[in-house]
Amino acid sequence: DGGITQSPKYLFRKEGQNVTLSCEQNLNHDAMYWYRQDPGQGLRLIYYSQIVNDFQKGDIAEGYSVSREKKESFPLTVTSAQKNPTAFYLCASSSRSLRDTEAFFGQGTRLTVV
Amino acid sequence: DQQVKQNSPSLSVQEGRISILNCDYTNSMFDYFLWYKKYPAEGPTFLISISSIKDKNEDGRFTVFLNKSAKHLSLHIVPSQPGDSAVYFCAGVAPGNTPLVFGKGTRLSVIA
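Residues numbered from 1 in each chain as written. Chains lettered and ligands numbered in written order. Predicted model: local features only at pLDDT ≥ 70, side-chain atom pairs only at ≥ 80, totals over all residues. Heavy atoms only, no water.

Asker: Sorry, what's going on with the interface of chain A and chain B here?
Answerer: Accessible area lost when the parts come together is the quantity often used to give the size of an interface. The partner chain B presents 22 residues to the 22 residues of chain A that form the contact. With both sides pooled, the region where chain A packs onto chain B buries about 1800 Å², and carbon together with sulfur makes up 59% of that total. The largest contributions to the chain A side of the interface with chain B come from A:Leu43, A:Leu98 and A:Arg99, which together make up 33% of the buried area. Scanning the region where chain A abuts chain B turns up one salt bridge. Among the salt bridges present, the one from B:Asp31 reaches A:Arg99, with a minimum N-O distance of 2.3 Å. The interface formed by chain A and chain B holds seven residue pairs in polar contact (both at pLDDT 80 or more) in total. Elements represented by at least two residues in the side of chain A that touches chain B include exactly strand S4 (31-38), strand S5 (42-51) and strand S9 (87-94) of chain A. At five residues, the largest contribution of residues to the side of chain A that touches chain B is made by S5(A). A per-class count over the side of chain A that touches chain B returns 10 nonpolar, eight polar and four charged. (Contact = heavy atoms within 4.5 Å. Buried area = accessible area lost by both parts, 1.4 Å probe. Salt bridge = Lys/Arg side-chain N within 4 Å of Asp/Glu carboxyl O. Polar contact = N/O pair within 3.5 Å; in protein donor to acceptor, adjacent residues only side chain to side chain. Helix = DSSP H or I, 4+ residues; strand = E, 2+ residues; numbered from the N terminus. Nonpolar A, V, L, I, M, F, W, Y, C, P; charged D, E, K, R; others polar.)

This is the structure we're talking about:
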């Protein structure tokens, strides 16, 4: 089955540690995105990538880093520089134009800093 | 600066009646709009979209209306069912290969 997979579903991190969230898709989509959801804040864009080896910052990129070495994969690293990392993280993919295919989302990773 | 605004955080509707969810946008470059539905602890799923060249798009119980002059769109669900209870996000897209810009969402509760 084609889809987009995020892992793990729940993640706990100690303060001061970096942690990497995985996102893999087998939909042959060029574009991939990371969003963060906080209560009452909607979905805010962290980073996105339209093509392999290229990515752009979104509205709240500070404290995060990404890589896009393969078309299928777009991991997100939450660094110790991110002040409030506890949130629900959502990865999505789409064709390069959202008018051709809508964005498909993974099931999310809930990150908690302990 | 919010480019997409969903000013009603929540809405309660009786089963069988119409649900109307509203969305306003400020970015006049947006030319494509989507609605997503989200259950707790899950990823959003696509519901319906509309291009700015249209003023209405219908898919079964779901209809989206676009009023470009007012920079306003609405999602109508008729008839509402208990399974429609979820958070609904409105999103806009500008030309070019730009990402979705989401509103804060409206939580719909359909009461049996």
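Asker: I tried to follow the sheet that holds strand S7 (residues 64-66) of chain A on my own but got confused; where do I start?
Answerer: Across a sheet, paired strands are connected by hydrogen bonds in the backbone, their directions being either parallel or antiparallel. Residue and element names in this part refer to chain A. The sheet built from four strands is open, its strands ordered S1-S3-S8-S7 with antiparallel pairing. Both edges of this open sheet fall to strand S1 (4-7) and S7, since each of them pairs with a single strand only. Strand after strand, the sheet turns through a mean of 20° between neighbouring axes, direction not considered. Two elements, strand S3 (residues 19-25) and strand S8 (residues 76-78), share three bridges in a ladder whose sense is antiparallel. Along S8, the bridge assignment pairs leucine 21 with leucine 76. (Pairing = 2+ DSSP bridges. Axes fitted to C-alpha atoms, helices over the stretch in contact; angles between N-to-C directions.)

Asker: Even after reading the chapter, I still don't get the state of the cysteines, so can you show me in this structure?
Answerer: Here, the word disulfide means a covalent bond between the sulfur atoms of two cysteines. Taken as a whole and judged by the stated rule, the model has two disulfides over all chains. Disulfide pairing is shown between A:Cys23 and A:Cys91; the S-S distance is 1.9 Å. Because the torsion about its S-S bond is -80°, the bridge between A:Cys23 and A:Cys91 counts as left-handed. One end of the pair, A:Cys23, is in strand S3; the other, A:Cys91, is in strand S9, and 68 residues separate them in sequence. Looking at A:Cys91, the relative accessible area reads 0%, which means it is buried. Linked covalently through their sulfurs, B:Cys23 and B:Cys90 form a disulfide whose S-S length is 2.1 Å. Handedness here is read from the sign of the S-S torsion; for B:Cys23 and B:Cys90, about -75°, the answer is left-handed. Note that B:Cys23 is positioned in strand S3 (residues 19-25) and B:Cys90 in strand S9 (residues 86-93), a separation of 67 residues in sequence. Like B:Cys90, B:Cys23 is buried. (Disulfide = S-S within 2.5 Å. Buried < 20%, exposed > 50% of the residue type's maximum accessible area, 1.4 Å probe, protein only.)

Asker: What exactly am I supposed to notice about the sheet that holds strand S7 (residues 62-67) of chain B here?
Answerer: All names here are of chain B. An order of S1-S3-S8-S7-S6 is seen for the five strands of this open sheet, with the pairing classed as antiparallel. In the strand order of this sheet, the two ends are held by strand S1 (4-5) and strand S6 (56-59), each with one partner. Here S1 pairs with S3 via two bridges, running antiparallel. Counterpart to lysine 5 in the pairing with S3 is aspartate 24.

All quantities given are derived from atomic positions and should not be read as evidence of function.
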